[in-house]
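In case you want the letters, here they are:
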Amino acid sequence: MRILGYDLKFEKRSTSSLRNPQAWLLNLLGGTTAAAETVNPTTSLGLSAVYAATSIISNSIASLPCKVFKDVANNRTEHASHALNFIISQEPNDHQTSFMWFQTMQTSALLWGNAYARIHRDQSGRPYSLEYLHPSTVNPTMHENILYYKVDGEKTPLQAYDM
């Protein structure tokens, strides 16, 4: 193929996924070291530097206020009555405070490269809870240009609207 006067040659490469990783991906994301030690997000927390860095970043992010705002005539004010305001600023679910939830999400993003939460809704469609999902249990997938999330233990994929 010729683009901008340059001949470009493309080679077919093998694909790899987190569910079926090839050696190059294992080496990139961790795997076994030359000393035959397994390195992954969980074992890396045994290193004081990784634990300290992850803890400092996660705690710092979690300590920041998070509220829903609305813009009215270029005036930004807190939207206290919005359904998500209480959830993200006080109690995302029955088991975690806002601090704990953001700390968990940030730790997940730092160590696993992503963080997922399922949005639970009432019968009218209003969110009432956020459930943390471990990244190893979630598989984002596209179907007919629509993003879905296959979650272990769920019969049907979740729409992006519910994540």
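Bear in mind the structure is a predicted one, so any value in this text is a computation, not a measurement.

A. Local environment of the overall build of the protein. Per the secondary structure count, the protein includes 5 helices and 11 strands. The buried share of the protein, reckoned over its 163 residues, is 23%. Surface exposure of the protein reaches about 12000 Å², of which carbon and sulfur atoms provide 55%.

B. Fine view of unusual backbone geometry. Although it is not a glycine, Ala73 sits at a positive phi angle of roughly 50°. Tracing the sequence through the fold places Ala73 in the loop between β5 (69–72) and β6 (75–78). Using a relative accessible area of 75% as the deciding quantity, one classes Ala73 as exposed.

C. A look at the pattern of salt bridges. Per the counting criterion, the structure on display carries 3 salt bridges. For the salt bridge of Arg118 with Glu154, the shortest nitrogen-to-oxygen distance reads 2.7 Å. Of this pair, Arg118 sits in strand β7 (residues 116–121) while Glu154 sits in the loop between β10 (146–151) and β11 (158–159), placing them 36 residues apart in sequence. Taking the shortest distance from any N to any O, the salt bridge between Asp162 and Arg121 comes out at 2.9 Å. Placement of Asp162 in the segment after β11 and of Arg121 in strand β7 is noted, with a sequence separation of 41 residues between them.

D. Looking closely at helix α3 (residues 48–63). Between its first and last C-alpha atoms α3 spans 22 Å; for 16 residues at 1.5 Å apiece the expected length is 22 Å, and the two agree. Along α3, the residues that are buried comprise Thr54, Ser58 and Ala62. Projection of α3 onto a plane perpendicular to its axis shows the buried side chains occupying an angular sector of 55°, all on one side. Exposed positions of α3 whose direction lies more than 90 degrees from the buried face are Ser48, Ala49 and Ile56. Where the residues of α3 are buried, they touch α5 (98–112).

E. Here's a closer look at the side chain of Ser129. Residue placement: Ser129 occurs in strand β8 (residues 127–133). The buried category is assigned to Ser129, whose relative accessible area is 11%. Only 3.4 Å separates the side chain of Ser129 from the backbone oxygen of Pro92, close enough to count as a polar contact. Not counting residues up to four positions away in its chain, the partners in contact with Ser129 are Ile87, Pro92, Asn93, Arg118, Ile119 and His120.

F. Layout of the nonpolar core. Counting residues in hydrophobic clusters, the biggest one holds 10 residues: Ala62, Val68, Ile87, Ile88, Trp101, Phe102, Met105, Ala117, Ile119 and Leu130. Those elements that provide at least two residues to this core are α4 (83–89), α5 and β7. It is α5 that provides the largest number of residues to this core, a total of 3 residues. In contact with Leu130, other than residues within four places in its own chain, are Ile87, Ile88, Pro92, Asn93, Trp101, Arg118 and Ile119. With 6 residues, the next largest nonpolar core counts Leu133, Val138, Tyr149 and Leu158 among its residues.

G. Here's a closer look at the pairing of β7. Where β7 and β8 come together, 6 bridges link them in antiparallel fashion. Counted as the bridge partner of Tyr116 is Leu133 from β8. Remark: 5 residues form the turn of the hairpin made by β7 and β8, two consecutive strands paired antiparallel; Gly125 in that turn has positive phi of roughly 90°.

H. Seen up close, α5. Between its first and last C-alpha atoms α5 spans 21 Å; for 15 residues at 1.5 Å apiece the expected length is 21 Å, and the two agree. Burial in α5 covers these residues: Ser98, Trp101, Phe102, Met105, Thr107, Ser108 and Leu111. Against α2 (41–44), α3, α4, β7 and β8 lie the buried residues of α5. Once α5 finishes, Gly113 follows within two positions and takes phi at roughly 90°, a positive value.

Cut-offs and rules
- Residues numbered from 1 in each chain as written.
- Predicted model: local features only at pLDDT ≥ 70, side-chain atom pairs only at ≥ 80, totals over all residues.
- Heavy atoms only, no water.
- Helix = DSSP H or I, 4+ residues; strand = E, 2+ residues; numbered from the N terminus.
- Buried < 20%, exposed > 50% of the residue type's maximum accessible area, 1.4 Å probe, protein only.
- Areas by Shrake-Rupley, 256 points an atom, 1.4 Å probe, with all protein chains shown as cover.
- Salt bridge = Lys/Arg side-chain N within 4 Å of Asp/Glu carboxyl O.
- Expected span 1.5 Å × (residues − 1).
- Arc of directions from axis to C-beta.
- Contact = heavy atoms within 4.5 Å.
- Polar contact = N/O pair within 3.5 Å; in protein donor to acceptor, adjacent residues only side chain to side chain.
- Core = buried A, V, L, I, M, F, W, Y, C linked by side-chain atoms within 4.5 Å.
- Pairing = 2+ DSSP bridges.

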